[in-house]
Amino acid sequence: MNRLLRNRLLGLLIAAVVFLIDQGFKSWVVKGLNLREVQVIELLPFFDLNWTQNFGVSLGLFTAGSTEGRWALVAMTAAIATFVFVWLLRERKMADIAALALVLGGALGNIRDRFLFGYVIDYADLHFGDFRPFLIFNIADAAITIGVLIILARSLLSREKPDSTVETAPES
């Protein structure tokens, strides 16, 4: 198996692992911890499990207040996930493939929630007193954010080096 095919398969495996971890943790939070009924479990002075139903997308934007809105969000996020999947299959560098795999796995986890429940299950509440640097999130959201940050950092910091084999004309 050539290296490029192996990297792409590894990327798809990373996406599948992110999806399974996200869904497994959500299942544990809902069924094992009964977080829906309990609402809040204080774990650390700066981190709680806090039941939240997110009817929107990132940062609570585009809240779906109707059945049509719900399915429009499912369709929109599925289209984005399809774009990321195709991009992953075209990428050549493993770091880029891995970053896209994080985004894809997280997107699939949130799409499944929205498809089954009409909302995304969020529960991770990082806070410092009343200050919350993030909205309440989940593993899928964290994977998407980390993947996007890697893609942005790589696009800004890893520039193509000029070809040093180009011959220059001798000076007269």
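One structure accompanies this document, and this report is about it.

Rules used throughout
- Sequence order as written defines residue numbering, which begins from 1 separately in each chain.
- For a predicted model such as this one, the threshold for reporting local features is a pLDDT of at least 70, and the threshold for listing and counting side-chain atom pairs is 80 or more; totals across whole chains, interfaces and linings nevertheless cover every residue.
- The basis for the side-chain values is all heavy atoms of the structure; hydrogens and waters are excluded.
- Segments assigned H or I by DSSP are reported as helices when at least four residues long, segments assigned E as strands when at least two residues long, and all are numbered from the N terminus.
- Relative accessibility decides the category of a residue: with a 1.4 Å probe and only protein chains considered, values under 20% of the type maximum give buried, values over 50% give exposed, and everything between is partly exposed.
- In this description, contact between two residues means that some pair of their heavy atoms is separated by no more than 4.5 Å.
- A 1.4 Å probe that fits but cannot get out identifies a cavity on a 1 Å grid over protein atoms alone, an open set with protein on both sides within 12 Å along at least five of seven lines counts as a pocket, and a residue lines either if it has an atom within 4 Å of a point.
- Grid points are joined across faces, edges and corners, and a volume is the space filled by probe spheres set on the points.
- We call Asp, Glu, Lys and Arg charged. Ala, Val, Leu, Ile, Met, Phe, Trp, Tyr, Cys and Pro are nonpolar, and the rest, Gly among them, are polar.
- A pair of strands is labelled paired if DSSP reports no fewer than 2 bridges between them.

**Things to note about the overall build of the chain**
Next, step 1: Helices and strands together make up the secondary structure of the chain, namely five helices and three strands.
Next, step 2: The 172 residues of the chain split such that 35% are buried.
Next, step 3: Nonlocal contacts in the chain, meaning residues at least 24 apart in sequence, comprise 66% of its contacts between residues at least 6 apart.

**Remarks on the environment of L33**
Next, step 1: Along the chain, L33 turns up in the loop between helix 1 (3–32) and helix 2 (35–38).
Next, step 2: For L33, a relative accessible area of 23% gives the class partly exposed.
Next, step 3: C-alpha of L33 to C-alpha of L49: the two residues are 16 residues apart in sequence and 9.8 Å apart in space.
Next, step 4: Ignoring sequence-local partners within four residues, the contact set of L33 consists of W28, V38, I41 and L49.

**Some remarks on the layout of surface pockets**
Next, step 1: By volume, the second largest pocket amounts to about 170 Å³.
Next, step 2: Together, ten residues line the second largest pocket, and E91, D96, R154, S155 and S158 are the ones closest to its centre.
Next, step 3: Elements with a contribution of two residues or more to the lining of the second largest pocket: helix 4 (94–117) and helix 5 (139–157).
Next, step 4: Ranked by residues supplied to the lining of the second largest pocket, first place goes to helix 5 with three residues.
Next, step 5: Tallied by class, the residues present in the lining of the second largest pocket amount to three nonpolar, two polar and five charged.

**Here we look at the pairing of strand 2 (residues 47–54)**
Next, step 1: With four bridges joining them, strand 1 (residues 40–44) and strand 2 adopt antiparallel strand pairing. Note that in strand 2 the partner of L44 across the bridge is F47.
Next, step 2: In sequence, strand 1 turns back onto strand 2 through a hairpin of two residues.
Next, step 3: As paired strands, strand 2 and strand 3 (residues 120–126) are joined by six bridges and run antiparallel to one another. The residue bridging N54 from the neighbouring strand is V120, located in strand 3.

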